[in-house]
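# Residue-level structure breakdown
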Amino acid sequence: MPALNVEFSDRELEDLRQIAKERGTSMKALVREAAAADIARHRALQEGAEEFRRFFAAHAAEFAAAFPDDEQPPAKGEAA
């Protein structure tokens, strides 16, 4: 499995040691779990954003009618 060396300040390293000890896990497992959780959160946000874009595109006319002041005029050369 590929590895990654990560540098921490002395304070961060001590905090990691303490947290790992409190949770009864290794520092390596603690950091890996934190990274995995962040990756999962990032993927969920990307999927949510994509779902919003699809929803917005499917209902663009309704949004335009509901919020006419937010509509931008067409760029030069575009049909209105």
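Figured I'd write up the structure that's included with this text. Starting from 1, residues in each chain are numbered consecutively following that chain's sequence as written. Per-residue local features are limited, in this predicted model, to residues with pLDDT of at least 70; the limit for side-chain atom pairs, both in listing and counting, is 80 or more; totals at the level of whole chains, interfaces and linings are taken over all residues. The side-chain values count all of the structure's non-hydrogen atoms but skip hydrogen atoms and water molecules.

### Topic: the overall build of the chain
Counting its regular elements, the chain contains 3 helices and 0 strands. For the chain, the N- to C-terminal ordering of α and β elements is α-α-α. On C-alpha atoms alone, the chain measures out to a radius of gyration of 23 Å, which is more than a quarter above the 12 Å that the 2.2 N^0.38 rule sets for 80 residues. Along the first, second and third principal axes, the C-alpha atoms of the chain reach 60 × 30 × 25 Å. When a residue's accessible area, from a 1.4 Å probe over protein chains only, is under 20% of the maximum for its type it is buried; when over 50% it is exposed; and in between it is partly exposed. The buried share of the chain, reckoned over its 80 residues, is 4%. Computed with a 1.4 Å probe, the accessible areas rest on the Shrake-Rupley method; for each residue, only the protein chains presented here act as cover. For the chain, the computed accessible surface area is about 7500 Å², with 56% contributed by carbon and sulfur atoms. Looking at the chain, you have 11 positive and 16 negative side-chain charges, and the mean spots of the two groups are 9 Å apart. To qualify as a helix, a DSSP run of H or I must reach at least 4 residues; to qualify as a strand, a run of E must reach at least 2; elements of each kind are numbered from the N terminus. The globule rule used here is 2.2 Å times the number of residues to the 0.38 power, and the radius of gyration it is set against is calculated over C-alpha atoms. In this count, Lys and Arg are taken as positive residues and Asp and Glu as negative ones, while His and the chain termini are left out. Every charge is mapped onto a representative atom, which is NZ of Lys, CZ of Arg, CG of Asp or CD of Glu.

### Some points on the packing of aromatic side chains
Stacked, tilted and edge-to-face are the three classes assigned to paired rings of Phe, Tyr and Trp, where Trp is represented by its six-membered ring and a pair needs centres within 6.5 Å; plane angles under 30 degrees give stacked, over 60 edge-to-face, the rest tilted. On inspection of all chains with the given rule, the structure shows 4 aromatic pairs. A connected cluster of aromatic rings, assembled from ring pairs, spans F52, F55, F56, F63 and F67.

### Overview of helix α1 (residues 10-23)
To estimate how far a helix should reach, multiply one less than its number of residues by 1.5 Å. Compared with an ideal rise of 1.5 Å per residue, which puts 14 residues at 20 Å, α1 spans 20 Å between its outermost C-alpha atoms and is within 8% of the ideal. Once α1 ends, the next one or two residues include G24, with phi positive near 70 degrees.

### Focus on the pattern of salt bridges
By convention in these notes, a salt bridge is any Lys or Arg side-chain nitrogen within 4 Å of a carboxyl oxygen on Asp or Glu. By the definition in use, this model includes 6 salt bridges. For D15, the salt bridge goes to R11, with nearest N and O atoms at 3.2 Å. Of this pair, D15 and R11 both sit in helix α1, 4 residues apart, which is roughly one turn of the helix. Exposure remark for R11: the relative accessible area of 60% places this residue in the exposed category. Between E50 and R54 there is a salt bridge, with its nearest N and O atoms 3.5 Å apart. Taken as a pair, E50 and R54 lie in helix α2 (residues 27-58) at a separation of 4 residues, close to a single helical turn. Judged by its relative accessible area of 33%, E50 falls in the partly exposed class. Overall, R54 belongs to the partly exposed group, its relative accessible area being 45%. One connected set of salt bridges, linked through shared partners, spans E50, E51, R53 and R54.

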